[in-house]
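Each chain, written out:
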Amino acid sequence: MNLLSLQSNEFSTRHNGSAAQEKEMLAVVGESQLASLIDKTVPATIRMSRSLNVPAALSEYQYLQHIQEVGKQNQVWKNFIGQGYYPTITPSVILRNIFENPGWYTQYTPYQAEIAQGRLESLLNYQTMVSDLTGLPIANASLLDEATAAAEAMTMLFNALNRQDHIERPKFFVDAELFPQTIDLLRTRAVPVNIEIVIGNYQQAAVDKTYFGAIVQYPNNKGSVEDYRSFIEQVHQQGAYVVMATDLLALTLLTPPGELGADVAVGSSQRFGIPLGYGGPHAAFFAAKDEFKRSIPGRIIGISIDAKGKRALRMALQTREQHIKREKATSNICTAQALLANMAAMYAVYHGPDGLKRIAMRVAGFTRALATTLQKGGYELAASSHFDTIVVTTDKQKIIRTKAAEHRLNFRYLNDRQIGITLDETTDASTVALIASCFVNAASEFASLDENTVLGSIPASLLRTSTYLTHPVFNTHRSESQMMRYIKQLENRDLSLNTSMISLGSCTMKLNAATEMMPLSWPEWSSIHPFAPAEQAKGYQYVIDQLSQYLCDITAFDACSMQPNSGAQGEYAGLLTIRAFHEANGEPHRNVMLIPISAHGTNPASAVMAGMKVVVVKALDNGYIDMDDLTAKANQYSKELSGIMITYPSTYGVYEETVKDITSIIHQHGGQVYMDGANMNAQVGLTAPGLIGADVCHLNLHKT
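Residues numbered from 1 in each chain as written. Predicted model: local features only at pLDDT ≥ 70, side-chain atom pairs only at ≥ 80, totals over all residues. Heavy atoms only, no water.

**Overview of the overall build of the protein chain**
Along the protein chain, the regular secondary structure elements total 25 helices and 20 strands. Computed over C-alpha atoms, the radius of gyration of the protein chain comes to 27 Å, within 12% of the 27 Å expected from 2.2 N^0.38 for 704 residues, which places it in the range of a compact globule. Expressed as lengths along the three principal axes of its C-alpha atoms, the size of the protein chain is roughly 80 × 65 × 65 Å. A burial count over the protein chain gives 54% of its 704 residues as buried. (Helix = DSSP H or I, 4+ residues; strand = E, 2+ residues; numbered from the N terminus. Rg over C-alpha atoms; globule rule 2.2 N^0.38 Å. Buried < 20%, exposed > 50% of the residue type's maximum accessible area, 1.4 Å probe, protein only.)

The following block contains the structure:
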């Protein structure tokens, strides 16, 4: 027995919970070896005949050494790029007791409220935080990111004023000073469902009854704090709705969207203690007026009573969830960034309303002081009002950029003449002086901030007067000991892998070994801005490139994208790829997607979002796809067939012997095969989507 080999392969035995019971389980099903069980379970026609071309296993110690070396390829500079992503301080009590605590990061999706009361309370705190700060009465338990939340808001409002078969209001106004990545995503999401994006200056917008809505940024892309009251009123007069993409920290000082008249507010809670992490994951927020409570994407946590009449929390509103409405759903979102939402909520619990306001005032004060210094130095600013961001107009960009690089400072270079600088919670007086030195030669002093003048760059008409975070939970836990006790109290009301096995199975089931989680806290991984220059993120690029190669080999595909940040988003990206394939081949009319009735509910929802017509294929009593019905539907829609969505093994856990017949029929009729990779763990090394005949597949990487 090779001791070195045993060391390298110890990870699987430590983290595969069933390994010790393998012989016992085989005996129950009447098999002596795992290999013979696989031979009888996985059809021989799809078995992989080669070994996977992936590196040999590492021990956990070797892996930590390896990932530390790779991390050194990333360069940790001070980031002032902004654009929705900000350096932040994660309180140690939250870092240690939530982010690095398996009692929080191994919890299962809270479908069973009785074993999720602690987490549900924290998510309720999150919703309360968002609702209070945005000034809107209802908020969900988080979404994926700000751009996705904005797209979900657009879709929700589109469906509120239009029917799928009759579109009277196709236009959506997008202010040009929205964050660029949000505009890009809105454009992507608009095309398949025939939404017409109109981009322009909100002050010059001519919104009429062909518009169903509009979106603005508050503060905007250039940092300006705009008063949107008259614009919102103008949109409302035409019977349309307004979305405001906004910033939670800024809203501790600014009049909230709800008080300005906005119908929906979206954004990211990242700057509430969540590391940058090269762009994610982070928890987005989504708040709206009460009239939209049955249309809001995602889930809403509510207060109820249990069988004994005691207070109990549950997922109160899921009436639009995909497993109910399927192809009639208006969104494919069925998840939440619960861990990150819990961290953001605890950040607000720990700091409270006064603490959050003090942080915001420091940010605003330093920004105002820097702006004043640069203006005195002869520089022109793009906006007269600001909270945390200024944009400097100059013909000295090359010189300034060189100086900034010498100090390892990342600014945002909007074009050849404009430089954006965004300050944050981590900014101190010495940092502001260092920034100023890149622009002016004279030494600048920022040692003190006058509380009476720090808000001078925010219009008086937009200063917040309403209270927020008045609930006792946000005004009680100020010391570290109090916070630890509160976090532990909630943890004890929940079930996670440090309590017991979780005997449930679905596409959200996961195992995050402690060794895999540890690097997430290291600065060389946690402190990289997503828009930092590529040469500063070579470690990330290495990981992405290597993982892409491994996944291509595992799936027998030719290319891989790491862009989608959830299974549902992977479905959508895959379907858009199939749509683009048909368009590139001069067949844009191919829009019929066959979907088995047994498929996961997000499948039909994603297909509709991708502009496709869903045709349901029957299933047999044993869960197999009805081949007769499939053949008939493929023949019926042959000229319009876009493809089929299948899950393999099926949602019944079965390796269907007919799977290659299914893919062959679809291909014969000019369609493409989309494979839902929710059950990919059951394929790895045994078969592969490419061998089966699939053309596109998404993978839930949290399953590995």
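**So, the side chain of R590**
The topology assignment puts R590 in the loop between helix 21 (567-584) and strand 16 (592-596). R590 gets classed as buried once you look at its relative accessible area, which sits at 11%. A distance of 3.0 Å separates a polar side-chain atom of R590 from the backbone oxygen of S638. Excluding anything up to four places from it in sequence, R590 contacts H582, S638, K639, E640, L641, S642, H669, G670 and G671. (Polar contact = N/O pair within 3.5 Å; in protein donor to acceptor, adjacent residues only side chain to side chain. Contact = heavy atoms within 4.5 Å.)

**A word on the sheet that holds strand 5 (residues 211-218)**
An order of 2-8-7-6-5-3-4 is seen for the seven strands of this open sheet, with the pairing classed as mixed. Of all strands in the sheet, those bounded by a partner on one side alone are strand 2 (138-139) and strand 4 (196-200). Here strand 7 (residues 264-268) runs beside strand 8 (residues 284-288); their pairing, made up of five bridges, is antiparallel. Its bridge partner lying in strand 8, V266 is registered against F286. (Pairing = 2+ DSSP bridges.)

**A few points about unusual backbone geometry**
Peptide bonds are trans in most cases, and residues, glycine excluded, mostly fall at negative phi. Omega for the peptide link from Y218 to P219 comes to -10°, which places this bond in the cis form. Along the polypeptide, P219 turns up in the loop between strand 5 and helix 11 (229-237). With an omega of 5°, the peptide bond between G280 and P281 qualifies as cis. In this structure, Q83 takes a positive phi of about 60° despite not being glycine. Note on placement: Q83 falls in the loop between strand 1 (78-79) and helix 6 (92-99). Assessed through its relative accessible area of 11%, Q83 is described here as buried.

**Some thoughts on the packing of helix 8 (residues 117-134) against helix 14 (residues 338-376)**
Packing of helix 8 against helix 14 brings their axes to within 8 Å, and their N-to-C directions diverge by 65°. Between helix 8 and helix 14, the angle is such that the two are roughly perpendicular. Where helix 8 crosses over helix 14, the two elements pack in a sense that is left-handed. Where helix 8 abuts helix 14, its residues R119, S122, L123, N125, Y126 and M129 lie against A338, A341, N342, A344, A345, M346, A348 and V349. A class-by-class count of the residues in the contact of helix 8 with helix 14 yields ten nonpolar, three polar and one charged. (Axes fitted to C-alpha atoms, helices over the stretch in contact; angles between N-to-C directions. Parallel < 35°, antiparallel > 145°, perpendicular 65-115°, else oblique. Left-handed = near helix turned anticlockwise from the far one by under 90°. Nonpolar A, V, L, I, M, F, W, Y, C, P; charged D, E, K, R; others polar.)

What is shown is where atoms sit, not what they do.
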